[in-house]
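Given next are the chains, with one letter for each unit.
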Amino acid sequence: MKFLQQMSVIFAIYLISVLVSNLLPVAFPGSVIGMILLFLLLLSGILKPRQVDEAGDFLVKNMAFLFVPTVVGIVEYIPVLMDNLLPFLVIIVVTTVLTFAAAAWTVTAVIRLQQKRGEGQK
Amino acid sequence: MSGILLSLTAEPLFGIVLCVAAYAAASFLNRKLKTPLANPLLIAGAMIILLLQVTGIPPENFQKGGSVITMLLGPATVALAVSIHRQVEVLKKNFLPVVLGCLAGAVTAMVSAYMLSKLFGLDDSLLMSLLPKSVTTPIAMEISRQGGGVVAITVAAVVVTGILGAVCAPLLCKLFGIKEPVAQGVAIGACSHALGTSRAITIGEIQGAMSGIAIGVSGILTVFLAFFF
């Protein structure tokens, strides 16, 4: 029962967030709003981690599995991609690698800069 | 295939059982093969696609159960907050690196997609379809639609990008010598949204939490950056 209660709390937060998302003038996913909302509820102490953590960890740990039907669904899109398949794939591979590198190096560089500054102040 | 069996596949539980069975088999293969390319998600997806093709079971029948599983992705994204909250000290300490990392990622994703599309001589509608492909589906769809892109192509590009990120994340970390968990997480989330995050979680909780934050931050930044294109 505890698990179901926890799951229902997360579902309810998601539902509220979908409502908020529908009211927003710009497209912003309910799931991300819900993530921010749950984080704020935990941070403020309104919700305790023990009220959501079992179901939360269950969902997060199985997230890769939850994508299986999405991956299967990619077949539907093959006809629209056929005309430009090669540029499509090349662009995706190259941009993904570049984006990864840019983000990873920036984080690493800023962390190092902060550490240097921290040492300088001491 | 006989009528009775075919009507059975129209039950929502068919798709659910098939997903669980395929994922269990794929996880087993993944443990045996010990290569990051044998990604359980990719193998499970491929097995089901193959099965549907060979048996002639309509994909709509499979997706009756599949959509129930997909429905749980929303709550699962919400639940990332539990991991993020557990890593709140890491986040506080690294707030600036995380935000700047997402910014660098979002700019690189869009500029590189723009330049490569031009290089290939793709038309503007295709370019706009590919521009937002590194962010989460709802945001990417909206940017594509507003810019005159083809939404179906955007959805396909988002999913293929995500699969690529999920499969290659550990490889990319090794290739670029990224050892800092915060940097790994942010980079995975910035380049391959929730799909990549599902893999980041398996690397470590800090990686998963940071990747989760990167989905949101990169998404917001990309909405603003899209005005420049």
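The structure presented is a predicted model; accordingly, all values stated were derived computationally and were not measured.

Q: Give a detailed account of the layout of surface pockets, specifying residues and quantitative values.
A: To find leftover empty space, a probe the size of one water molecule is rolled over the atoms. Residue and element names in this part refer to chain B. Here the largest pocket defines a volume of roughly 740 Å³. Lining the largest pocket we find 34 residues, and of these T70, L73, T136, T137 and P138 sit closest to its centre. Split by residue class, the lining of the largest pocket holds 19 nonpolar, 14 polar and 1 charged.

Q: Before we move on, could you go through the domain arrangement of chain A and cite the residues and values that matter?
A: For chain A, the assigned domains read domain 1 (1-66) and domain 2 (79-122). A separation of 28 Å is found between the C-alpha centroids of domain 1 of chain A and domain 2 of chain A.

Q: Please provide a residue-by-residue account of the nonpolar core, values included.
A: Among the nonpolar cores identified, the biggest contains 107 residues, and L38(A), V68(A), F100(A) and I48(B) are the most heavily contacted of them. For this core, the element with the most residues is helix α10 (residues 151-175) of chain B, which contributes 12 residues. If near-sequence neighbours (up to four positions away) are discounted, V68(A) is found in contact with C19(B), Y23(B), L41(B), A44(B) and I48(B).

Q: Account for the interface of chain A and chain B, with residues named and values stated.
A: If you look at the interface, chain A gives 64 residues, while chain B gives 88 residues. When chain A packs against chain B, the two sides together hide about 6900 Å² of surface, and 86% of this comes from carbon and sulfur. Broken down residue by residue, the surface that chain A buries against chain B is led by M35(A), F65(A) and F100(A), which jointly contribute 11%. Across the chain A-chain B interface, the total number found is 1 salt bridge. Here R86(B) ties to D57(A) by a salt bridge, and the two come within 2.9 Å at their closest N and O atoms. Here chain A and chain B share 4 residue pairs in polar contact (both at pLDDT 80 or more) between them.

Q: Requested: an account of a nonpolar patch on the surface, with residues and values cited.
A: Taken together, the side chains of L96(B), L100(B), L103(B), V107(B), V111(B), Y114(B), M115(B), F228(B) and F229(B) present a nonpolar region at the surface, about 810 Å² in accessible area. With respect to the helices and strands, the residue M115(B) is situated in helix α7 (residues 95-119).

Parameters and conventions
Residues numbered from 1 in each chain as written. Chains lettered and ligands numbered in written order. Predicted model: local features only at pLDDT ≥ 70, side-chain atom pairs only at ≥ 80, totals over all residues. Heavy atoms only, no water. 1 Å grid on protein atoms, 1.4 Å probe; cavity = no way out; pocket = protein on both sides within 12 Å on 5 of 7 lines; lining within 4 Å. Points joined across faces, edges and corners; volume = space filled by probe spheres on them. Nonpolar A, V, L, I, M, F, W, Y, C, P; charged D, E, K, R; others polar. Domains from an automatic or database assignment. Core = buried A, V, L, I, M, F, W, Y, C linked by side-chain atoms within 4.5 Å. Buried < 20%, exposed > 50% of the residue type's maximum accessible area, 1.4 Å probe, protein only. Helix = DSSP H or I, 4+ residues; strand = E, 2+ residues; numbered from the N terminus. Contact = heavy atoms within 4.5 Å. Buried area = accessible area lost by both parts, 1.4 Å probe. Salt bridge = Lys/Arg side-chain N within 4 Å of Asp/Glu carboxyl O. Polar contact = N/O pair within 3.5 Å; in protein donor to acceptor, adjacent residues only side chain to side chain. Patch = residues over 30% accessible without salt bridge, like charges linked within 9 Å, V, L, I, M, F, W, Y side chains within 5 Å. Areas by Shrake-Rupley, 256 points an atom, 1.4 Å probe, with all protein chains shown as cover.

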